[in-house]
Amino acid sequence: MNFSIFKRLVKREILKRALSLFSLSTVAFAFQACYGTLNDFEYDVEITGRITSDESGDPIPNIQVEAKEINNMTWTDANGEFYLYAPMDTIYTLLVSDIDSTANGEFYSGKKVIDNSKKLMQLETRITMQSIKN
Amino acid sequence: MSLKKEIQKRLFSQFAKNETAIHELRYLFWECTLRCNLNCLHCGSDCTSSSSVADMPADVFLKQAEKISKTMNASVITVVITGGEPLLRKDLEQIGLALRKMGFRWSLVTNGLAYTVDRHLSLMGAGMGALTLSFDGLEDEHNWLRNSKQSFEKAQRALEVLISTPRLNFDVVTCVNPRNIDKLEEIYTFFLEKGLQAWRLFTIAPIGRAKDNSELLLNREQFTFLMEFIKKKKHEKEMYINFSCEAYVAAYETEVRDGFFFCRAGIHIGSILIDGGVSACPNIDRGFVQGNIYENDFSDIWNSKFQVMRDRSWTRTGSCANCKEYKWCKGSGMHLWKKESMELIQCHASSVFT
Ligand code: SF4
Ligand code: SF4
């Protein structure tokens, strides 16, 4: 970082404090262009998970993972893994369902409650699904 | 003007000057497609349902995003995905997840026509943090401007889904025009009853398809009416209501928006356009494009170009040359300038000068 930018950044901090005295500090950086959206500064948690079969232990692709009460949904990839962003709530119930019929095997729907009372920003989970035996 | 407002104004002006010198990217538009499922009368881009221009491949954009994340602070940057209608792309979720992994936040601008519950859930799961829905009035006015009989019903369905998600930084944007200006009170009540928390109003600039349609543009009286309407509703504090960033509005500054006018194009706002062009807000005259990602990296263009947006002294011409407001306005919004003639298309403030 060159010295002139460093000076500007120091000046930014001073101005931010001065603006906050006049209730302007939030609007200084929270802006939006006419054809754009609001900025996003919320905290949320990244949940990563892996879904496997109870019978074979193999990962199951294309399983729908839904956290209905917080309006989020995703699907497992070829490795049975999923990534989901969720708000910083404490408890999530993940509903898992096999939506592709017999492709990739057949499994009963299930659920898993995830506790984030520590308000972590990353969580990892493993879910086992019970296979439907013919 | 009160002493408090005068001090605020001077402080903010110092802040804007300092931010211009730092020019830290905080808002990156990505024009991901020109395809659209509507054919709006006022569209700023000339998109069609079967645009002949191909969508930008995800990997091309993500490669640039990755380079940006290595040279800039991605955690303060919101990537705003726009079009065309971005929902016509099926890979937004994968792109969104990849952006979050690089440290960016991302958001979407949509007309709501293709916004279903399932799509909402999967976009949220992919870490979408903000969304703007276009909604231009009650049924008749909305469908007229959107040029589609079903657009109101679908936008309303999208509105209900979006309102049910408190995590989302969500707002509705309305193009105010001569057809809906007398209905603003009714539209306001409709939104309030739906539970909408943030509403932004903007006027239609004579650019894109709107430049040939005088039916869309407000006259002085209507513009003043709009300013008074927003001012009044802001005081009532039932909803977070604002005039968009689009222009300097003289005595209405801070009365119709929370802060003072500051066109951040090229200062905090950059874009990657459909053809790889690098600019700021997508509604800016394409003659002002600063480079192309197919030739140079976005970061290099951002760091070495954009002088035309960071030093606006060239705007001191025509009606701005001797304007007493120039010190605060700096020639208003960048999107209001024509590159070829370097002329201002519209001065909003002159409508409210007394
Ligand atoms: S004439 Fe130019 S400087 Fe004066 S208010 Fe209008 S746009 Fe701004
Ligand atoms: S170019 Fe226009 S839309 Fe973009 S920041 Fe400036 S005033 Fe706002």
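The rules we used
Residues numbered from 1 in each chain as written. Chains lettered and ligands numbered in written order. Predicted model: local features only at pLDDT ≥ 70, side-chain atom pairs only at ≥ 80, totals over all residues. Heavy atoms only, no water. Contact = heavy atoms within 4.5 Å. Buried area = accessible area lost by both parts, 1.4 Å probe. Salt bridge = Lys/Arg side-chain N within 4 Å of Asp/Glu carboxyl O. Polar contact = N/O pair within 3.5 Å; in protein donor to acceptor, adjacent residues only side chain to side chain. Helix = DSSP H or I, 4+ residues; strand = E, 2+ residues; numbered from the N terminus. Nonpolar A, V, L, I, M, F, W, Y, C, P; charged D, E, K, R; others polar. Core = buried A, V, L, I, M, F, W, Y, C linked by side-chain atoms within 4.5 Å. Buried < 20%, exposed > 50% of the residue type's maximum accessible area, 1.4 Å probe, protein only. Domains from an automatic or database assignment.

(A) Highlighting the interface of chain B and chain A. On the chain A side, the residues contacting the 57 residues of chain B number 38 residues. Taken together, both faces of the contact between chain B and chain A bury some 4,500 Å²; the carbon and sulfur share is 61%. Our count for the chain B to chain A interface comes out at 7 salt bridges. A salt bridge links A:Asp44 to B:Arg167, with the shortest nitrogen-to-oxygen separation between them at 2.8 Å. Linking chain B with chain A are 23 residue pairs in polar contact (both at pLDDT 80 or more), by the criterion used here. With 11 residues, the top contributor of residues to the side of chain B that touches chain A is helix α1 (residues 3-22) of chain B. Grouping the constituent residues of the side of chain B that touches chain A by class yields 24 nonpolar, 19 polar and 14 charged.

(B) Representation of the side chain of B:Asn18 within the structure. Its location among the elements puts B:Asn18 in helix α1. Here B:Asn18 is in contact with A:Arg8, A:Lys11, A:Arg12 and A:Leu15, once residues within four sequence places are set aside.

(C) Structural context of the nonpolar core. One finds B:Phe61, B:Phe191, B:Trp199, B:Leu226 and B:Met227 to be the most contacted residues of the largest nonpolar core, which totals 98 residues. When residues in this core are grouped by element, the largest group, 6 residues, is from helix α6 (residues 151-163) of chain B. The contacts of B:Leu226, once residues within four sequence positions are left out, are B:Val176, B:Ile181, B:Leu184, B:Leu201, B:Thr203, B:Leu218 and B:Phe243. By size, the runner-up hydrophobic cluster in this structure holds 19 residues, among which are A:Ile63, A:Ala86, A:Tyr92 and A:Phe107.

(D) Quick look at the environment of A:Val10. One can find A:Val10 in helix α1 (residues 3-21). When the C-alpha atoms of A:Val10 and A:Ser23 are compared, they prove to be 20 Å apart, with 13 residues separating the residues in sequence.

(E) View of the pattern of salt bridges. Applying the stated rule across the entire model yields 28 salt bridges over all chains. A salt bridge links B:Glu185 to B:Lys233; the nearest nitrogen and oxygen atoms lie 2.7 Å apart. In this pair, B:Glu185 sits in helix α7 (residues 184-194) while B:Lys233 sits in helix α8 (residues 220-236), placing the two residues 48 residues apart along the sequence. Taking the relative accessible area as the measure of exposure, B:Glu185 reaches 37% and is therefore partly exposed. Taking the relative accessible area as the measure of exposure, B:Lys233 reaches 3% and is therefore buried. In this structure, a network of salt bridges that share partners links the residues A:Asp40, A:Asp44, B:Arg100, B:Arg105 and B:Arg167.

(F) Quick look at the domain arrangement of chain A. Per the domain assignment, the segments of chain A are domain 1 (3-38) and domain 2 (42-129). One C-alpha centre belongs to domain 1 of chain A, the other to domain 2 of chain A, and the line joining them spans 39 Å.

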